[in-house]
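# Structural overview for review
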Amino acid sequence: MLDKTFVPSHFEEKIYTAWEDSKLGMAGLRPQAASYTIMMPPPNITGSLHMGHAFTFTLQDMLIRYYRMKGRDVLWQPGTDHASISTQMVVEKQLDQQNISRHTLGREKFIERVWEWKVESGGMIAHQLRRLGALPDWSRERFTLDEGLSAAVRHVFVELYREGLIYRDKRLINWDPKLQTAISDVEVENLPLKSAMYYFQYPLEDKKGQFITIATSRPETVFGDVAIAVHPEDERYQHLIGSFVLHPLTNARLPIIGDIHADPEKFTGAVKITPAHDFNDFEVGRRHNLPLLNILNKEACLNENVPPSYQGLDRFKARKKVVEDITERGLFEKEEPTEIPTPHGEKSGVIIEPWLMDQWYVDAKTLAQPALKAVESGKTKFVPQYWENTYFEWLRNIQPWCISRQLWWGHRIPVWYGPDDKPFIALTEEDALRDAAHFYKKEVPLTQDNDVLDTWFSSALWPFSTLGWPEETEAFKRYYPTDVLITGHDIIFFWVARMMMMGLHFTKEVPFKTVYINALVRDEKGQKMSKTKGNVVDPLILMDEYGADALRFTLASLAAPGRDVKFSKSQVEGYRNFATKLWNAARFAEMNECLFDPEYTTTNLEVPINQWIVDEMAFLSADLSEAIESYKFNEAGHLLYHFVWGTFCDWYLEFCKPKFEGTDKEKAETQKTMAWVFDHILRLLHPFMPYLSEVLWENLHPQGGLLMGASWPEKLETNYKGKAEDITWLIQVISEVRSIRAEMNIPPGPLLSLSFYDASPETHRRLREHEDLLLKLARLKDIKAFSESLKPEEAKGAAQDIIAEATLLIPLAGAIDVQAEKERLERELQKVATEIKEIEKKLSNKEFTARAPKEIVDVQKKRIESAQLASQKLEQALHRLGA
């Protein structure tokens, strides 16, 4: 017997344990079936479950459960990412509290500490995923630094190096002075910073007393200047191209060059070129073969390449001194305060420096070409499709990929250096020593490269390295390429594109057939969630309060392709109520002895409400499958919600009550049909609400095994269309009577009379067959049907409407004071009209819409929409009264 109240916490842990113990989540249980594979985007081991995780993992789990029930051999490959920077920061903070630095500890001991932390605290998110009900094949869980994946990383590095696609080069990188490592573009965020543009004069070498004025936001980099650039078609400066200026502090000769990077419309139209400290300037320097002058050290202090009085100065102190010294020389023109987007390290929070240094790079442009063609040709499709434009934009303008990081935690670069710094690239140190001995004709000591690989390098191999590649394993042959990748748009380039590049290069196959880009979860006002705004919603707290199923169903129902999610706690509460409603329906079925009969068949049913509900279930099952397979998760959620709440609970259960008191034959058929429908609801609901559906399934099928191992309902063919249409008509009539009651303020007590005019033979038949249900559910005392048309005098003092060909008439005398109700409705209508006029006046005021915050304007727009809807309802009510 089911408990009276639905309490998710009473059964979630127990159910998940049963799922794991059953091993039904493991791949390979159906060796003859077609495979279906999803690679879980590996969350960082430092991570904790947030709304973005809950969203994407809910959708993935839904697909896995759906295709498992469809009979596929499913693999949802789980794992976690070693997250070089985040993890190293966590452990370094712990050491700081003990007054220990990693440098004091040494590399080997530090790595040991990180592994200890990983065992003790890392991977917490895997336990939180269980709380959500996510069930990947945990027996295959991988870690991006485990031995198998490390072997794949080394193999790829060595092969790409041998093919000339990995090389060492001196280029600009994003340098984090606090973490003292290069970081990727995705780890850089541009934040607005109050700053200034400083205007300096650079004297012309051969024209005494004449200058070129440039504007810069970074005076501290002037010692790295190697040229002044002007646009080749800028008439103000054309005659100066090829001549020289003198540096305002060192008097060094700097050439004036013509380059399109200089924008005549911006500031003075002339720009200083500092190739070692600006990404755009670096490209200008390459085009003009300019020298690279690095004037910063790794702490972002000025180095030995600047005058002695500046050496060792912090960059911002140097900025102040440069301005003072140029002013003293009479070459300072002006300072303009401004706000400038400034790159900051996402993890460290400090301002990032474009810095010149030797790093390892991947020739991404070469690898990008097959990845471009794969999407252009449709081998891999994006959903929504427009996200492929972002993919194309990145790959068509791709730059060399810096893959080395100055960290200790991560995949150490498989490069060893000989006594003369000659590099030896090999899978193992033993191989490198052998190669070195062959080269030097003797055994020599080697030193391994200190850097580790960018975390995205190992992540790029995730779809195939997790399956045992580079070995030709059975898992790789069976589950690769994968079916769908579900991820966010922010990493289309950093992860999706790189997986495509690596997958195509090393396996000759696309790593996934579909890329579904899930939306961003925002707060209920549409703002991005952030700790600074205080609008972050913790999914773990929501699950404690409402259960995992309510959160899952909320996220699925909001997952409209291409639209960001406006999320609120009230939505989760609403779907908790939905779960409660289904729970109560199950208790109703249980109390009415609706037991599942395995011999039951939907053919030859005689009770119309049973024919109707079977017909509705056939439509639902087909529509739901189509919605899930086309990634329209929101449509799927709405289909289920409206069927369960409306069709099943609000109507079918009500229709069944009289049948349970009818003939034995009617009662038995209705009991079995209700159990059959409930069985199908639980199957269809399982991908969305796995916990609730599993508990109710156990109650319906005490000896039937776990629902997660059951099959998806087969396509159902019925021949009840005519009878089903009768029940649809019946619902329309009952709904209309109830609507009239509500609009006319008729108390629920009085029974009403209902007449049909212009009634066809079909309507007469329907009334005869369903009079009992209509009288009971519409609270009527009598029903009459006339083939003749309604006369004007008969309509006086009555509410009317039209359904199909017939006019419905409900006399109101005795139920309400008709004249008083008309007057009330007219007063309400006038009040609403006045409100609409006032809001329209406010919104047509351009000064108001220009000055008022967007939130205030949106509130006014919502008010006018509500008022217009209220006006329509009032007019409809007056129309019913013949006004």
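Residues numbered from 1 in each chain as written. Predicted model: local features only at pLDDT ≥ 70, side-chain atom pairs only at ≥ 80, totals over all residues. Heavy atoms only, no water.

## Topic: the overall build of the protein
Each helix and strand counted, the protein has 29 helices and 29 strands in total. Projected onto its principal axes, the C-alpha positions of the protein cover 105 × 70 × 55 Å. Scored against the burial criterion, the 883 residues of the protein give a buried share of 53%. Summarising the internal contacts of the protein: among those between residues at least 6 apart in sequence, 77% fall at separations of at least 24. For the protein, the accessible area works out to roughly 40800 Å², and carbon and sulfur atoms hold 50% of it. Of note, the protein has its 107 positive side-chain charges centred 2 Å away from the centre of its 129 negative side-chain charges. (Helix = DSSP H or I, 4+ residues; strand = E, 2+ residues; numbered from the N terminus. Buried < 20%, exposed > 50% of the residue type's maximum accessible area, 1.4 Å probe, protein only. Contact = heavy atoms within 4.5 Å. Areas by Shrake-Rupley, 256 points an atom, 1.4 Å probe, with all protein chains shown as cover. Lys, Arg positive; Asp, Glu negative; His and termini not counted. Charge placed at Lys NZ, Arg CZ, Asp CG, Glu CD.)

## Some thoughts on the packing of aromatic side chains
All chains considered together, the criterion is met by 50 aromatic pairs. Chaining the aromatic ring pairs together yields one cluster made of F553, Y575, F578, Y641, W645 and F688. Positioned over the ring face of F244 is R253, at 3.9 Å from the centre of the ring. Seen from the ring of F439, K422 lies directly overhead, with NZ or CZ sitting 4.7 Å from the centre. (Phe/Tyr/Trp six-rings, centres within 6.5 Å; stacked < 30°, edge-to-face > 60°. Lys NZ or Arg CZ within 6 Å of the ring centre and 35° of its normal.)

## A look at the layout of surface pockets
Its boundaries defined by the atoms lining it, the second largest pocket holds a volume of some 1400 Å³. Lining the second largest pocket are 44 residues, with S217, R218, D278, N280 and I340 positioned closest to its centre. In terms of residue count, strand β7 (residues 188–203) provides more of the lining of the second largest pocket than any other element does, 8 residues in total. (1 Å grid on protein atoms, 1.4 Å probe; cavity = no way out; pocket = protein on both sides within 12 Å on 5 of 7 lines; lining within 4 Å. Points joined across faces, edges and corners; volume = space filled by probe spheres on them.)

## A closer look at a negative patch on the surface
Residues E108, E112, E116 and E120 make up a contiguous surface patch of negative charge. Given a relative accessible area of 65%, E108 falls into the exposed group. (Patch = residues over 30% accessible without salt bridge, like charges linked within 9 Å, V, L, I, M, F, W, Y side chains within 5 Å. Salt bridge = Lys/Arg side-chain N within 4 Å of Asp/Glu carboxyl O.)

## Considering the environment of Q128
Its location among the elements puts Q128 in helix α6 (residues 124–132). Measuring from C-alpha to C-alpha, the distance between Q128 and L49 comes to 6.4 Å, with 79 residues separating the pair along the chain. Residue contacts for Q128: discarding those within four places in its chain leaves S48, L49 and L540.

## Some remarks on the nonpolar core
Membership of the largest hydrophobic core comes to 149 residues, with the highest contact counts inside it found for F648, F655 and F688. The leading source of residues in this core is helix α21 (residues 633–660), at 13 residues. Grouped together as the second largest cluster of nonpolar side chains are 64 residues, F457, A460, I491 and A497 included. (Core = buried A, V, L, I, M, F, W, Y, C linked by side-chain atoms within 4.5 Å.)

## Observations concerning the pattern of salt bridges
Counted by the stated rule, this structure contains 44 salt bridges. In this structure, E283 and R171 form a salt bridge, with 3.8 Å as the shortest nitrogen-oxygen distance. Here R171 lies in strand β5 (residues 166–176) and E283 lies in helix α8 (residues 279–288), a separation of 112 residues in the sequence. For E283, a relative accessible area of 30% corresponds to the partly exposed category. What makes R171 buried here is its relative accessible area of 10%. D597 serves as the salt-bridge partner of K672, at 3.4 Å between the closest nitrogen and oxygen.

## Details of the packing of α21 against helix α22 (residues 664–685)
It is the contact of α21 with α22, at a shortest axis distance of 11 Å, that shows an interaxial angle of 165 degrees. In terms of orientation, α21 and α22 fall into the roughly antiparallel class. Relative to α22, the crossing made by α21 is left-handed. Contacts from L640, F643, V644, F648, Y652, L653, C656, K659 and F660 of α21 reach α22 at E666, K667, T670, Q671, T673, M674, V677, F678, I681, L684 and L685. (Axes fitted to C-alpha atoms, helices over the stretch in contact; angles between N-to-C directions. Parallel < 35°, antiparallel > 145°, perpendicular 65-115°, else oblique. Left-handed = near helix turned anticlockwise from the far one by under 90°.)

## Regarding the sheet that holds strand β28 (residues 798–803)
Across the sheet, 4 strands lie side by side as β27-β26-β29-β28; this open sheet has mixed pairing. Bordering the open sheet on either side are β27 (780–785) and β28, each of which pairs with just one other strand. On average, adjacent strands in this sheet sit at an angle of 20 degrees to one another, irrespective of strand direction. For strand β26 (residues 752–757) and β27, the ladder comprises 5 bridges, and the chain directions are parallel. For L754, the partnering residue across the bridge sits in β27 and is I783. Sitting on the sheet, helix α24 (residues 721–743) touches β26, β27, β28 and β29 (806–811), and the angle it makes with β28 is about 155 degrees. Contacting β26 and β27, helix α25 (residues 761–777) crosses the sheet at an angle of about 180 degrees to β27. (Pairing = 2+ DSSP bridges.)

## Looking at unusual backbone geometry
A cis geometry characterises the amide bond from W469 onward to P470, with omega recorded as 15 degrees. Within the secondary structure layout, P470 lies in the loop between α14 (462–465) and α15 (474–479). P481 follows Y480 through a cis peptide bond whose omega is 0 degrees. By the element assignment, P481 lies in the loop between α15 and β22 (482–488). Unusually for a residue other than glycine, N99 sits at a positive phi of about 60 degrees. In this structure, N99 sits in the loop between α3 (84–97) and α4 (102–105). Take N99: its relative accessible area is 74%, and that puts it in the exposed class. Unlike most non-glycine residues, F267 shows phi in positive territory, near 50 degrees.

## Quick look at the sheet that holds strand β8 (residues 211–216)
Each strand in a sheet pairs with another by means of backbone hydrogen bonds, the pair being arranged parallel or else antiparallel. The strand order across the open sheet built from 3 strands is β8-β7-β13, with neighbouring strands paired in antiparallel fashion. Whereas interior strands pair on both sides, the edge strands pair on one side only; in this sheet they are β8 and β13 (332–345). Sheet twist, expressed as the average angle between the axes of neighbouring strands with direction ignored, equals 20 degrees. Strand direction decides the pairing type here: β7 and β8, joined by 6 bridges, are antiparallel. Bridge assignment links Y198 to a residue of β8, and that residue is T216.

## Observations regarding the environment of R236
By secondary structure assignment, the location of R236 is in the loop between β9 (227–230) and β10 (244–246). Residue classification places R236 among the partly exposed positions, given a relative accessible area of 44%. Taking C-alpha positions, R236 is 79 Å from I803, a pair spaced 567 residues apart along the chain. Beyond its immediate chain neighbours, meaning those up to four positions away, R236 contacts P264, T268 and G269. A polar contact of 2.7 Å, which involves the side chain of R236, links it to the side chain of D234. At a separation of 3.3 Å, a polar atom in the side chain of R236 contacts the main-chain carbonyl oxygen of T268. (Polar contact = N/O pair within 3.5 Å; in protein donor to acceptor, adjacent residues only side chain to side chain.)

## Details of the pairing of strand β1 (residues 35–39)
Counting buried positions along β1 yields 5 of 5 residues, so the element is predominantly enclosed. Burial of β1 is two-sided: the residues S35, T37 and M39 facing one way and the residues Y36 and I38 facing the other way are all buried. Sheet topology note: the β1/strand β2 (residues 73–77) ladder contains 5 bridges and is parallel. Within the sheet, the bridge partner assigned to M39 lies in β2 and is Q77.

## Some points on the side chain of D259
Within the secondary structure, D259 sits in the loop between β11 (253–258) and β12 (270–273). Note on D259: relative accessible area 4%, which makes it buried.

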